[in-house]
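# Remarks on the overall topology
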Amino acid sequence: MKPRHHPDDATILAYAAGAVTEGFSLIIAAHLAWCGRCRGRLVEAEHLGGMLIERLETAPLRDGSFDEVWARVAANAPETPRPAAGLPATRDIPAVLAPWLPDGLDCVRWRSVLPGVRQFPLSGIASERGAVRLLAIAPGTTIPHHGHRGSELTLVLRGSYADEIGRFGPGDLADLDPDAQ
């Protein structure tokens, strides 16, 4: 699979810096599992971040700083470890999505939201004002024209769709901001 649509550079940089929501992080990690081009861009972004950190002036740490950091890490650690980004896809989904879809896409319990449109929310994922959900859209279904209140990432897992930006197939990621019409 060779995706043709990718996150923009600002999104890759924000992901590398850990500055995206958990929901966006999950979607970007799923895209990375299928996209060698973006994995390369991520490595470049991480190197850039490392170079910037190396240029910072050092400051002395106060006693107990490391203990405080490890206590925060332990307090925020997920109960169930999640697979790392970039793992190969299993079945028809990237491995990073496996905790939410252990039996694959064919066993998802979809809920109808509109004629021809079903959804499956992925629970327990922080995403600020939004939500992380899977959509199953029947072939030939037209989605009404809509705007976006904030940024939106759409990753195609199976099938395809076309809009004013182009045709999106498996692995493609649409990276939309509030100005997208």
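For the structure given in this document, a descriptive report is provided here. (Residues numbered from 1 in each chain as written. Predicted model: local features only at pLDDT ≥ 70, side-chain atom pairs only at ≥ 80, totals over all residues. Heavy atoms only, no water.)

### So, the sheet that holds strand β3 (residues 111–114)
Counted only if it meets this: A strand pair is defined by DSSP finding two or more bridges across the two strands. Working definition: helices are DSSP H or I runs of at least four residues, strands are E runs of at least two. Numbering for both runs from the N terminus. Orientation is described by lines fitted to C-alpha atoms, with helices fitted over the stretch in contact, and by angles between N-to-C directions that extend from 0 to 180 degrees.
Strand order in the open sheet made by the 3 strands is β3-β4-β5, with antiparallel pairing throughout. Of all the strands in the sheet, the pair left with one neighbour each is β3 and β5 (133–137). With direction set aside, neighbouring strand axes in the sheet form an average angle of 35°. Bridge count between strand β4 (residues 117–121) and β5: 5 bridges; the pairing is antiparallel. Within β5, the position partnered with Val117 by the bridge is Ile137.

### Structural notes on the state of the cysteines
What counts here: Put simply, a disulfide is two cysteine sulfurs that come within 2.5 Å. The buried label applies to any residue whose accessible area, calculated with a 1.4 Å probe on protein chains only, is under 20% of its type's maximum; exposed applies above 50%, and partly exposed to all values in between.
Overall, the coordinates contain 0 disulfides when judged by the stated rule. With no disulfide partner, Cys35 has as its closest neighbouring cysteine sulfur the one in Cys38, 3.6 Å distant. Relative accessible area serves as the criterion here: at 2%, Cys35 is assigned to the buried category. Residue class for Cys38 comes out buried when judged on its relative accessible area of 0%.

### Thoughts on the nonpolar core
Cut-off, in case you're wondering: Each nonpolar core is a collection of buried residues, namely Ala, Val, Leu, Ile, Met, Phe, Trp, Tyr and Cys, held together in the definition by side-chain atoms within 4.5 Å. Here, two residues are considered to be in contact whenever any of their heavy atoms come within 4.5 Å of each other.
One finds Leu26, Leu97, Leu101, Leu105, Leu122 and Leu157 to be the most contacted residues of the largest nonpolar core, which totals 28 residues. Looking at this core, the elements with two or more residues in it are α1 (9–16), α2 (22–34), α3 (36–54) and β6 (152–155). Top contributing element to this core by residue count: α2, with 7 residues. Ignoring sequence-local partners within four residues, the contact set of Leu26 consists of Val96, Leu97, Trp100, Leu122, Ile125 and Val132.

### Looking at the packing of α2 against α3
Rules: Residue classes follow a fixed rule: Ala, Val, Leu, Ile, Met, Phe, Trp, Tyr, Cys and Pro count as nonpolar, while Asp, Glu, Lys and Arg count as charged, and any other residue, Gly among them, counts as polar.
At a minimum axis separation of 6 Å, α2 and α3 run at an interaxial angle of 120°. Residue-level inspection shows His31, Leu32, Ala33 and Trp34 of α2 in contact with α3, the latter providing Gly36, Cys38, Arg39 and Leu42. Per-class residue counts for the contact of α2 with α3 are 5 nonpolar, 2 polar and 1 charged.

### Looking at helix α4 (residues 65–76)
Applicable threshold: Here the expected span of a helix is defined as 1.5 Å times the quantity of residues minus one.
Between its first and last C-alpha atoms α4 spans 17 Å; for 12 residues at 1.5 Å apiece the expected length is 16 Å, and the two agree. Across the 12 residues of α4, 1 count as buried, placing the element largely on the outside.

### Structural notes on α3
Condition: To be clear, the arc concerns the directions from the helix axis to the C-beta atoms.
Here α3 spans 27 Å end to end across 19 residues, near enough to the 27 Å set by a 1.5 Å rise per residue. Turning to α3, its buried residues are Cys38, Arg41, Leu42 and Ala45. End-on view of α3: buried residues confined to an arc of 105°, all on one side of the axis. Residues of α3 that are exposed and point over 90 degrees away from its buried face: Glu44, His47 and Glu54. As for α3, its buried residues are in contact with α1 and α2.

### Some points on the pairing of β4
Both β3 and β4 contribute to a ladder of 3 bridges, which runs antiparallel. Along β4, the bridge assignment pairs Ser112 with Arg118. The hairpin formed by β3 and β4 contains 2 residues between the paired strands, and Gly116 there has a positive phi angle of roughly 85°.

As far as function goes, none of this settles anything; it's purely spatial.
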